[in-house]
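As a plain string of letters, each chain reads:
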Amino acid sequence: MKHALRSKQRGLSFFGVIFLGVLIFSVFVVGAKVVPTVIEHQAILKALEKSKSGNTVPEVRSIFDKAATIDDISSVSGKDLNVTKNGDKVVVSIAYNKEIELVGPAYLLIKYTGTSK
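Let me begin by describing the structure that accompanies this report. Computed from a predicted model, the values in this text were never measured in an experiment.

**Observations concerning unusual backbone geometry**
- Backbone geometry at D72 places phi at a positive 60 degrees, although glycine is not the residue there.
- One can find D72 in the loop between α3 (57-71) and β1 (82-86).
- Judged by relative accessible area, D72 falls into the exposed class, the value being 64%.

Following this line, the structure appears as structure tokens:
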């Protein structure tokens, strides 16, 4: 009879709970380090849209730098922009990497790209 009851028990063992807790904590810590870079990337994309209103390359870079100052963008600057013309339309693009230190020698590398529309 005891054997029948024991086989119907369900749940996590103590080590399972510890492992699950460490896993959830790790995901939370990595997420807390990644979310600010994603928010900054969204601000960069917004600044790219603003900067495409410029007519010359220095003007585009100046507009981007002003928007970067307002939105507290520190990963890239106006000199990192790729400015091209597609017909009569100015196209501004950017590509950059963001390294996030995890533990010891382990890093998370995120490659961001963006283009004005």
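**What to know about the sheet that holds β1**
- Pairing is antiparallel across the open sheet formed by 3 strands, whose spatial order is β1-β2-β3. Both outer strands of the open sheet, β1 and β3 (107-115), are each paired with one neighbouring strand and no more. Put simply, the sheet's adjacent strands are angled 20 degrees from each other on average, direction ignored.
- Note: β1 against strand β2 (residues 89-101), 5 bridges, orientation antiparallel. What sits directly across from K85, in β2, is V90.
- Packing against the sheet, helix α2 (residues 14-51) makes contact with β2 and β3, and its axis sits at approximately 20 degrees to β3.

**Side note on the packing of aromatic side chains**
- Enumeration according to the criterion identifies 2 aromatic pairs in this entry.
- Between F14 and F15, the ring centres sit 5.8 Å apart and the planes meet at 70 degrees, which makes this aromatic pair edge-to-face. Of the two residues, F14 and F15, both sit in the exposed class.
- Seen from their ring centres, Y96 and Y112 are 5.4 Å apart, and the 35 degrees between their planes marks the pair as tilted. Remark: Y112 occurs in strand β3 and Y96 occurs in strand β2; sequence separation between them is 16 residues.

**A closer look at the pattern of salt bridges**
- Counted according to the given criterion, the structure contains 3 salt bridges.
- Note that E40 and K98 form a salt bridge whose closest N and O atoms lie 3.9 Å from each other. With a gap of 58 residues between them, E40 in helix α2 and K98 in strand β2 connect regions that are remote in the sequence.
- Among the ionic pairs, K52 bridges to E49, the shortest N-O distance being 3.2 Å.
- Looking at K52, the relative accessible area reads 26%, which means it is partly exposed.

Reading the values: rules and limits
Residues numbered from 1 in each chain as written. Predicted model: local features only at pLDDT ≥ 70, side-chain atom pairs only at ≥ 80, totals over all residues. Heavy atoms only, no water. Helix = DSSP H or I, 4+ residues; strand = E, 2+ residues; numbered from the N terminus. Buried < 20%, exposed > 50% of the residue type's maximum accessible area, 1.4 Å probe, protein only. Pairing = 2+ DSSP bridges. Axes fitted to C-alpha atoms, helices over the stretch in contact; angles between N-to-C directions. Contact = heavy atoms within 4.5 Å. Phe/Tyr/Trp six-rings, centres within 6.5 Å; stacked < 30°, edge-to-face > 60°. Salt bridge = Lys/Arg side-chain N within 4 Å of Asp/Glu carboxyl O.

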